Amino acid sequence: MVRVTQDSSCLRGFLWDLDHAQPPDEVLSRLRRAGWEGRCFGGVLWTWTQDHHKVLYVPSTGRLQVRVDLCTPHEQRRKVAEEVAKLLDDPVEP
């Protein structure tokens with residue numbers, strides 16, 4: 001189960017941390033299958049974007065953070081992070 005918590009550095013609900021147990025290859029694979037586009041910066045950080053939201057991923061530490069688009073209404077921000085978490089929780093279809 002992926003746990004979603006608001007990042008302590010952001011009081012407005014734009015940054016969300018996802019606590020997960022997926023191996024790096026699985027995280028990247030699931031995001032790709034869901035249609036998120038990725039870029040590697042220096043081999044350390046992957047940025048995935050969809051609908052102007054971003055997922056920052058550090059494979060070496062497993063840190064996964066959802067950055068919600070600034071135009072997203074406050075009441076929908078957690079839902080965006082939970083939808084990304086669901087990608088990691090759902091069983092993989094063959």
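Residues numbered from 1 in each chain as written. Predicted model: local features only at pLDDT ≥ 70, side-chain atom pairs only at ≥ 80, totals over all residues. Heavy atoms only, no water.

Chemist: What should I look at first to understand the overall build of the chain in this one?
Modeler: A tally of helices and strands in the chain yields two helices and six strands. Of the regular secondary structure in the chain, the N- to C-terminal order runs β-β-α-β-β-β-β-α. For 94 residues, the compact-globule estimate of 2.2 N^0.38 gives 12 Å, and the C-alpha radius of gyration of the chain, at 13 Å, lies within 12% of that figure. Taking the principal axes of its C-alpha atoms as reference, the chain extends roughly 35 × 30 × 20 Å. Looking at the chain residue by residue over its 94 residues, the buried ones come to 36%. By sequence separation, contacts in the chain at least 24 residues apart represent 43% of the contacts at least 6 residues apart. (Helix = DSSP H or I, 4+ residues; strand = E, 2+ residues; numbered from the N terminus. Rg over C-alpha atoms; globule rule 2.2 N^0.38 Å. Buried < 20%, exposed > 50% of the residue type's maximum accessible area, 1.4 Å probe, protein only. Contact = heavy atoms within 4.5 Å.)

Chemist: When you look at the environment of G62 in this model, what are you seeing that I'm missing?
Modeler: As for its placement among the helices and strands, G62 is situated in the loop between strand 5 (53-58) and strand 6 (63-67). Along the sequence, G62 and L18 sit 44 residues apart, while their C-alpha atoms lie 9.5 Å from each other.

Chemist: Teacher, can you tell me more about the sheet that holds strand 3 (residues 37-41) here?
Modeler: Sheets are built from strands paired through backbone hydrogen bonds, the pairs being either parallel or antiparallel. A sheet is described by the order of its strands in space; here six strands give the open sequence 1-2-6-5-4-3, paired in antiparallel fashion. The open sheet terminates on both sides in strands that have one partner only, identified here as strand 1 (3-6) and strand 3. With direction set aside, neighbouring strand axes in the sheet form an average angle of 25°. Summarising the sheet, strand 4 (residues 45-50) and strand 5 pair through five bridges and their orientation is antiparallel. Counterpart to W46 in the pairing with strand 5 is Y57. Lying on the sheet, helix 1 (residues 24-33) is in contact with strand 4, strand 5 and strand 6; it crosses strand 4 at an angle near 20°. Across the sheet, helix 2 (residues 77-89) lies against strand 1, strand 2 (15-19), strand 5 and strand 6, angled at about 25° from strand 2, the strand it touches most. (Pairing = 2+ DSSP bridges. Axes fitted to C-alpha atoms, helices over the stretch in contact; angles between N-to-C directions.)

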